[in-house]
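Secondary and tertiary structure notes
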Amino acid sequence: MDLTLYAITDRSYIKDMDIADAVELAIKGGATIIQLREKDISSREFYEIALKVKEVTKRNKIPLIINDRVDIALAVDADGVHVGQEDLPADVVRRMIGPHKIVGVSARTVEEALKAQRDGADYLGVGAVFKTPTKPEAEAIGIEGLKKIKEAVTIPVVAIGGITKDNAYEVMLKSGVDGISSVSAVFYGDIENNTRKLLEVIAKAINDRRNLK
């Protein structure tokens, strides 16, 4: 599981493009893991979209994570599920999907992060680091809040929320996280180019971080 560049889909950014095609472009640009996030659609539609996206991720040997919906993940044999604090608890999700699938959990406090780790999460999505239009209600925890969570747990941490190619370097360098997660910085505009540029920034930060040790 390579969490370096964790791309989360949002069809409001890709307009009329087929979501499977958008995911293909993100993978071509260097996305290392894909989360399929769908809101306000029927279960049948989510299932059909997930099947198409799974074909793309499987062909490219990239893990597919389903946001929130354990049933959809099981139905399409996705690689894992990501749940938030208002969704099913991680230990329940683990029992449902088994020991070999990936379970990710959103956290914004050390307490939430430690509980998710105890409950069997494989990684954490931590944020919002900065204010973001994708989740305008989410309060920003900043790089310092992100760093505290990273230092408190032993499982991988992915930073999320308002992260772009312009601030990803600072986030990676100062917090020590394992990867960057993004919606708009990947899927708004030129998807392949966006992803490639963001990955270059992340890779530079990782390299510079190693040299500082």
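Residues numbered from 1 in each chain as written. Predicted model: local features only at pLDDT ≥ 70, side-chain atom pairs only at ≥ 80, totals over all residues. Heavy atoms only, no water.

Considering the UniProt feature "binding site: 4-amino-2-methyl-5-(diphosphooxymethyl)pyrimidine" (unreviewed entry) in the protein chain
Residues annotated in UniProt with the feature "binding site: 4-amino-2-methyl-5-(diphosphooxymethyl)pyrimidine" (unreviewed entry) correspond here to Gln35, Leu36, Arg37, Glu38, Lys39, Asn67, Ser106 and Lys135. Residue classification places Leu36 among the buried residues on the basis of a relative accessible area of 0%. Sequence-distant contacts of Leu36, defined by excluding residues within four places in its chain, comprise Thr9, Ile19, Phe46, Ile49, Ala50, Val53, Leu64, Ile65, Ile66 and Asn67. Structurally, the position occupied by Ser106 is in strand 5 (residues 102-107). When residues no more than four places from it in sequence are discounted, the contact partners of Ser106 are His82, Val83, Gly84, Gln85 and Gly125. (UniProt positions renumbered as here; feature names shortened; annotations may be inferred. Buried < 20%, exposed > 50% of the residue type's maximum accessible area, 1.4 Å probe, protein only. Contact = heavy atoms within 4.5 Å. Helix = DSSP H or I, 4+ residues; strand = E, 2+ residues; numbered from the N terminus.)

Quick look at the pairing of strand 4 (residues 80-83)
If a strand is regular, its side chains alternate between the two faces of the sheet. Residues Gly80 and His82 line one face of strand 4 and the alternating positions Val81 and Val83 line the opposite face, and both faces are buried. Both strand 3 (residues 64-67) and strand 4 contribute to a ladder of three bridges, which runs parallel. The partner of Asn67 across the bridge, within strand 4, is His82. Since strand 3 and strand 4 lie parallel, the crossover through helix 4 (residues 70-76) that links them has a hand, and here it is right-handed. Across four bridges, strand 4 lies against strand 5 in parallel orientation. Bridged to Gly80 within strand 5 is Ile102. (Pairing = 2+ DSSP bridges. Right-handed = clockwise from strand over helix to strand, strands pointing away.)

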